[in-house]
Each structure stands twice: as C-alpha cells, then as structure tokens.
Amino acid sequence: METFKVEAIVLKTDDFGDANRVVTLFTKEFGKLEANAYGCRRSRSPLSGAMQMFNHISAEITRGSKVDTIRDADILNFYDALTKDLERLAYASLLFEIVNRMTFPRQQELATFNLLKKSLPALSKRNPKVAALIGACQFMETSGVQLNFSRCVHCGADIEGDAAISILDGGAVCMNCVDAAQDIRPYPDALRKTFETMLGFNWRDETKLTFNTRQLDAAENFFVDYVQSVLGNSLKSVQFIHEFIN
Ligand SMILES: [Zn+2]
C-alpha cells in the first residue's frame, strides 16, 4: 500500500465508532483530503492530540482502495485560544466551514493552504471576526466565484462613492446599472473601503485594523449570504454565531 507524507491544517473532524475520527485535512501537497484516524480518541493513541480542528500538522497517510488512513501525525502548531474562547471558536469555524464547503477534494491549492496557515495566529490573537472576514474575503478571490468589489459587474465602471451590490450578480453595481441587477442591497463607500482593505491585508502586518462596526456587520452579512447562495444551503457556523455570539 502506498504511503505518503503531507503538511496539513485540520479543517474538520467527525467522530465515529468508539474512538475513531474522520479527519478532513487541507494539505499543502494535494489540497483537501479526507482520511480516517482510527483510535485517535484514545489518550494513548499516537494520534491523540494531533487530530483536532485548527491544528497545523505533518502526517503520514496510507492510501486505501476506499478510504485513506492516517498512520502517524505530529503537531507543528496548535492554537489553544481557538478552543477556549467561544467567539474565536465561532469565527474560526466560520472561515474553516466556508473553505471546506467551497473547495473540491484533491485539488492542490497552495494559496488556500497558506491562507489557512496564516489566518490561524490572527484568529487566535486579533479580533476574530475581523480575521475571519479577511480570510473569507481573500479566499473568495481564489475560489472561482470571486466577487467584484471595485468595478461594476455589469458595465465595468470603477465604483466611486455610494453604489449597490448584488449577491446574484457577484459584486458591485454602479448607479447606472441598478435596474439591470437581479438583486441589490446598499453598497456605501465605507463598505467598499472595508472590502478593499480586507483584500489587500498582509497577514504579517501587525498594525491594528479598525473597522466601523456597522460596516463590519454589513461585510459579514454579505459574505454569509453570498456563500449560502452559492452553496444553496446554510452554514452551520452561522447558526452557532447567532446563538452564542450576537
Ligand atoms: Zn455599471
């Protein structure tokens, strides 16, 4: 049986049986992969500890005819703060769920791997809502269903001042084209600047970002509605945010 090594971020875990877990990894080498980690919930298992959501790990995987199996794993980095703080957990889960739901298995996407890796320290130290929205904004750019924030999706004109934004059309709509849009919501200048700052954000930059609360809420609602409309159903983490955070 073929065995291979990966560097990965644990995107999702699902328990099954007495002590097993199906682990969804976002790997540097192959993109998203699902593998079984047998016995990992037993404290004496060599896999115990590593198979937790948000961990950055290296792992050895054996390819099977039906399922792949994780043989061995080492933790490269873990982010305790994400499991100890409900708001951090909720927003980190939002970003991870968006990435999980909007990517296909076994398609290498180095940009997405790097984005997850860089977002984790920010999600555990900075304002988690801001970090998750920046992550979602930057992820969407490479997702194949990217949004147009700065130019009208209908005529291509640069957006200046207040305009509209459309979920179904995938981005900004200038005032001349609002009648042609399938759906519209307000797109004030301040919201466009919020999106542009998020898109251009460098994760290594330690400067404090301050966003207007109203624009941040509008950005969150817009991303959530957009992703849900692309997926055709709802995100679990959004329910979690609504129940426990907002
Ligand atoms: Zn236009």
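Here is what the cut-offs are and how they apply
- Residues numbered from 1 in each chain as written.
- Predicted model: local features only at pLDDT ≥ 70, side-chain atom pairs only at ≥ 80, totals over all residues.
- Heavy atoms only, no water.
- Helix = DSSP H or I, 4+ residues; strand = E, 2+ residues; numbered from the N terminus.
- Buried < 20%, exposed > 50% of the residue type's maximum accessible area, 1.4 Å probe, protein only.
- Contact = heavy atoms within 4.5 Å.
- Domains from an automatic or database assignment.
- Buried area = accessible area lost by both parts, 1.4 Å probe.
- Salt bridge = Lys/Arg side-chain N within 4 Å of Asp/Glu carboxyl O.
- Donors = N, O, S within 2.8 Å, 3.2 Å for Na, K, Ca; no water.
- Tetrahedral: all angles 85-135°; square planar, octahedral: opposite > 155°, others 65-115°.
- Pairing = 2+ DSSP bridges.
- Axes fitted to C-alpha atoms, helices over the stretch in contact; angles between N-to-C directions.
- Polar contact = N/O pair within 3.5 Å; in protein donor to acceptor, adjacent residues only side chain to side chain.
- Phe/Tyr/Trp six-rings, centres within 6.5 Å; stacked < 30°, edge-to-face > 60°.

(A) Quick peek at the side chain of E97. If you trace the backbone, E97 turns up in helix α2 (residues 86–101). Residue classification places E97 among the buried residues on the basis of a relative accessible area of 14%. Once residues lying within four places of it in the same chain are set aside, the contact partners of E97 are L235, K236 and S237.

(B) Highlighting the domain arrangement of the protein. Domain assignment breaks the protein into domain 1 (3–77) and domain 2 (81–244). Each of domain 1 and domain 2 has a C-alpha centre, and the two are 28 Å apart. Listed as interface residues are 20 residues of domain 1 and, on the opposing side, 20 residues of domain 2. Counting each side, the surface lost to burial between domain 1 and domain 2 is near 1700 Å², with a carbon and sulfur contribution of 68%. Ranking the residues of domain 1 by area buried against domain 2 places F26, K32 and F54 at the top, with a combined share of 42%. Applying the counting criterion to the domain 1 and domain 2 interface returns two salt bridges. A salt bridge links E7 to K117, with the nearest nitrogen and oxygen atoms 3.8 Å apart.

(C) Structural context of the coordination of the zinc ion. Those donors, C152 (SG), C155 (SG), C174 (SG) and C177 (SG), are the protein atoms that reach the zinc ion, and they lie 2.3 to 2.4 Å from it. Coordination at the zinc ion is tetrahedral: its four donor atoms span angles of 104 to 116° at the metal. Positions of the donor residues of the zinc ion along the chain correspond to the pattern C-x2-C-x18-C-x2-C. The exposure class assigned to C152 is buried, which follows from its relative accessible area of 3%.

(D) Local environment of the sheet that holds strand β6 (residues 163–166). In space, the three strands of this open sheet follow the order β7-β6-β8, with antiparallel pairing throughout. Every interior strand has two partners, whereas the edge strands, β7 (171–173) and β8 (185–187), have only one. Within the sheet, the average angular offset between the axes of one strand and its neighbour, ignoring direction, is 45°. Pairing between β6 and β8: three bridges, direction antiparallel. Paired with I165 across the strands is R185, a residue of β8. Sheet strands touched by helix α5 (residues 189–200): β6 and β8. Its angle to β8, the strand with the most contacts, is close to 70°.

(E) Structural view of the side chain of T27. By the secondary structure assignment, T27 is in strand β2 (residues 20–27). With a relative accessible area of 0%, T27 lands in the buried category. One polar contact links the side chain of T27 to the main-chain amide nitrogen of F30, over a distance of 2.8 Å. In terms of polar contacts, T27 uses its side chain to reach the backbone carbonyl oxygen of G31, at 2.8 Å.

(F) Region of the structure containing the packing of aromatic side chains. Tallied over the entire structure, the rule returns 12 aromatic pairs. Between the aromatic rings of F54 and F96, the centroid separation amounts to 4.9 Å while the plane-to-plane angle is 70°, which identifies the pairing as edge-to-face. Separated by 42 residues along the polypeptide, F54 in the loop between β3 (31–37) and β4 (56–62) and F96 in helix α2 bring together distant segments of the chain. Since its relative accessible area comes to 0%, F96 is described here as buried. Among the aromatic side chains, those forming a connected cluster through ring pairs are F149, Y187, F195, F222, F223 and Y226.

(G) Layout of the sheet that holds strand β1 (residues 3–16). Read around the closed barrel, the five strands follow the order β1-β2-β3-β5-β4; overall the barrel is mixed. With direction set aside, neighbouring strand axes in the sheet form an average angle of 50°. In the sheet, β3 pairs with strand β5 (residues 68–77) via two bridges, with the strands oriented parallel. Paired with N36 across the bridge in β5 is T69. Together, β1, β2 and β3 form the strand contacts of α2, whose direction differs from that of β1 by roughly 115°. Those strands touched by helix α3 (residues 110–125) are β1, β2 and β4, and its axis lies near 65° from that of β1.

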